[in-house]
Amino acid sequence: MVIRIESLTVENLRCFRGEHQLDLGRSDEPSIDVVFGSNGLGKTTLADSIQLCLTGEFEDEAPLVTYELVDELSPGEEVSAVVSAVISDSELRRRFRFTRKFQTSETRRGPVNSVDSLQIEEEEDGNWVSTSSSEAINTVFPLPAFKYSKLDAESSVGIDDPWGGTNWGELVEAVGEAAAQQSAARGTELPEYFANNYDLGDEMIRRINDVLPKLDERDLYEVEERQDGLVARRKEDDSPAEMAHLSAGGQLIISHAAALVAGEVMPATPPLIGDTMFGRVDHATRERMFEVIKQADRQVLLFSFDAELGGFDIFPLFKLERTGEGRESKIVAAD
């Protein structure tokens with residue numbers, strides 16, 4: 001029984017002019033769904049679009065609407081983009097459709113983005129019916145869960161990274177908040193370790209240390225919590241090391257382990273969205289990470305370039321291609 005992104009539809013979103021859809025299908029079973037694409041074809045746009053749809057938040061000021069459409073605007077005019085996702089919960093037998101519209105307007109200061117309210121519908125007897133926004137989101141994908149449910153090769157969770165990662169305390173707090181929202185929406189009780197962030201943090205660290213040997217064949221570290229954050233302790237000589245002092249690969253492995261555990265302790269685990277998430281580790285570590293993800297009881301949606309998953313027993317459902325000589329891309333079914 002899994003929470004599943006069944007489909008993702010974007011219309012006029014950045015490099016995707018017109019309507020394009022990832023139809024991932026309905027299933028009660030965990031899966032790894034892969035979308036291949038070279039750099040610059042829109043992998044990150046699609047990976048970010050689910051969070052963009054549910055939260056309405058965007059980090060940069062670049063136009064959200066297809067660039068060529070924005071280039072055609074005169075001052076005072078605007079064009080729109082739409083993102084829609086169908087997310088189902090096979091345990092509760094519920095399906096929701098989330099839709100949000102965005103505009104890019106031409107002003108004297110240049111293009112400016114704006115966002116409409118989120119529209120949410122639930123399927124009832126084959127029809128889509130408007131429903132409560134907070135209850136629907138919290139049932140399948142509480143917003144704090146995006147902090148650890150979307151991973152990439154550059155930042156990922158970035159535990160205690162001074163250059164812009166996630167503080168360990170912030171991660172534990174986000175897990176507790178997301179789990180509380182989800183348990184209330186689903187009418188379930190949380191385990192005792194959710195009573196406070198200290199107990200939750202201890203439980204997560206125990207699970208992280210169980211996962212780390214599976215991700216790193218060298219089995220170099222285990223982690224522990226200190227007042228100022230998470231510390232990796234080298235097993236060889238019991239010496240501690242702050243996360244910022246580890247190699248990039250070591251930081252990424254521990255951060256991915258923390259993210260996987262964060263989803264695992266949820267009442268119902270949201271999908272994991274990966275945006276070239278294996279790009280900064282060697283092939284052996286990549287294989288081990290992939291095996292751990294395969295064993296997870298959740299949907300995993302990976303946006304990858306071909307070489308990233310080379311040699312793995314997996315085939316993409318879709319691939320991204322250029323539509324012509326411009327900057328526009330399209331989604332096509334993989335051969």
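Just so we're clear, the structure is a prediction, and the values are computed from it rather than from any experiment. Residue indices follow the written sequence of each chain, beginning from 1 at its first position. In keeping with the predicted nature of the model, local features appear solely for residues at pLDDT of at least 70, side-chain atom pairs appear and are counted solely at 80 or more, and the whole-chain, interface and lining totals rest on all residues. The side-chain quantities take in all heavy atoms of the structure and omit both hydrogens and water.

A. Quick peek at the pattern of salt bridges. A side-chain nitrogen of Lys or Arg and a carboxyl oxygen of Asp or Glu constitute a salt bridge if their distance falls within 4 Å. Tallying each qualifying case throughout the model produces 25 salt bridges. A salt bridge links Asp-89 to Arg-186, with the shortest nitrogen-to-oxygen separation between them at 2.2 Å. Here Arg-186 lies in helix H5 (residues 168-186) and Asp-89 lies in strand S4 (residues 78-89), a separation of 97 residues in the sequence. Residue Asp-89 shares its accessibility class with Arg-186, and that shared class is buried. Beyond isolated ion pairs, a larger network of salt bridges with shared partners links Glu-203, Arg-206, Arg-207, Asp-210 and Glu-264. A run of DSSP states H or I qualifies as a helix once it reaches four residues; a run of E qualifies as a strand once it reaches two. Both are numbered from the N-terminal end. Here the term buried applies to any residue with accessible area under 20% of the maximum for its type, exposed to any over 50%, and partly exposed to those in between, with areas from a 1.4 Å probe on protein chains only.

B. Here's a closer look at the layout of surface pockets. Its volume calculated, the second largest pocket comes out at about 290 Å³. Elements with a contribution of two residues or more to the lining of the second largest pocket: helix H6 (197-215) and helix H7 (248-264). The residue makeup of the lining of the second largest pocket, split by class, is 4 nonpolar, 2 polar and 5 charged. Grid spacing is 1 Å over the protein atoms alone, the probe is 1.4 Å, and a cavity is where that probe fits but cannot get out, while a pocket is an open set with protein on both sides within 12 Å along at least five of seven lines and lining residues have an atom within 4 Å of a point. Grid points are joined across faces, edges and corners, and a volume is the space filled by probe spheres set on the points. Polar here means any residue other than Ala, Val, Leu, Ile, Met, Phe, Trp, Tyr, Cys and Pro, which are nonpolar, and Asp, Glu, Lys and Arg, which are charged; Gly is therefore polar.

C. Highlighting the packing of aromatic side chains. Two rings belonging to Phe, Tyr or Trp (six-membered ring only in the last case) form a pair when the distance between their centres is within 6.5 Å. Interplanar angles under 30 degrees mark stacking, angles over 60 mark edge-to-face geometry, and anything in between is tilted. Throughout the structure, instances matching the rule amount to 4 aromatic pairs. Look at Phe-96 and Phe-98: their rings are 6.1 Å apart centre to centre, the planes differ by 40°, and that puts the pair in the tilted class. For Phe-98, a relative accessible area of 0% corresponds to the buried category. A ring pair is formed by Phe-141 and Phe-146, whose centres lie 4.2 Å apart and whose planes are at 10°; its orientation type is stacked. Across the pair, Phe-146 and Phe-141 agree in class, each one buried.

D. A look at H6. In this analysis, the expected span of each helix is defined as 1.5 Å times one less than the number of residues it contains. Taking 1.5 Å per residue as the helical rise, H6 with its 19 residues ought to reach 27 Å, and the 26 Å between its terminal C-alpha atoms agrees with that figure. Considered for burial, the residues of H6 that qualify are Leu-200, Gly-201, Glu-203, Met-204, Ile-205, Arg-207, Ile-208, Asn-209, Val-211, Leu-212 and Leu-215. The inward-facing, buried residues of H6 contact H5, strand S10 (221-226), strand S11 (229-234), H7 and helix H8 (283-294). What qualifies as a polar contact is a pair of N or O atoms within 3.5 Å, subject to a donor-acceptor requirement within protein and to the restriction that residues adjacent in sequence count only when both atoms come from side chains. By the N-cap criterion, in which a side-chain oxygen at the helix start approaches the backbone nitrogen of a residue two or three places on, H6 is capped by Asn-196, the distance to Tyr-198 being 3.0 Å. Throughout, a residue-residue contact means that at least one pair of heavy atoms, one from each residue, lies within 4.5 Å.

E. Here's a closer look at the environment of Phe-312. Looking at the secondary structure, you find Phe-312 in the loop between strand S14 (299-304) and strand S15 (318-322). Residue class for Phe-312 comes out buried when judged on its relative accessible area of 11%. Placed 22 residues apart in sequence, Phe-312 and Phe-290 show a C-alpha to C-alpha distance of 8.5 Å.

F. Broad picture of the nonpolar core. We define the nonpolar core as a collection of buried residues of types Ala, Val, Leu, Ile, Met, Phe, Trp, Tyr and Cys that are connected through side-chain atoms lying within 4.5 Å of one another. Counting residues in hydrophobic clusters, the biggest one holds 97 residues, and the most contacted among them are Phe-98, Tyr-148 and Trp-168. With 9 residues, the top contributor of residues to this core is H7.

G. Structural detail: the environment of Tyr-148. Looking at where Tyr-148 falls in the secondary structure, it is placed in helix H4 (residues 146-149). Judged by its relative accessible area of 0%, Tyr-148 is buried. When the C-alpha atoms of Tyr-148 and Glu-170 are compared, they prove to be 11 Å apart, with 22 residues separating the residues in sequence.

H. Inspection of the pairing of strand S1 (residues 3-13) at higher detail. With 10 of 11 residues buried, S1 is to be regarded as a mostly interior element. For two strands to pair, DSSP has to find at least two bridges joining them. Pairing between S1 and S4: 8 bridges, direction antiparallel. The residue of S4 that forms the bridge with Leu-8 is Ala-85. Two strands pair when backbone bridges link them, and S1 and strand S2 (residues 16-23) are joined in this way by 6 bridges, in the antiparallel orientation. Paired with Leu-8 across the bridge in S2 is Leu-22.

I. Region of the structure containing the pairing of strand S7 (residues 119-124). In this structure, strand S5 (residues 94-107) lies alongside S7, joined through 4 bridges in antiparallel fashion. Bridge pairing links Phe-96 to Glu-122 in S7. Relative to strand S8 (residues 127-130), S7 runs antiparallel, the two being bridged by 4 bridges. The residue of S8 that forms the bridge with Glu-123 is Trp-128. Where S7 hands over to S8, the hairpin turn is made up of 2 residues, of which Asp-125 adopts a positive phi near 55°.

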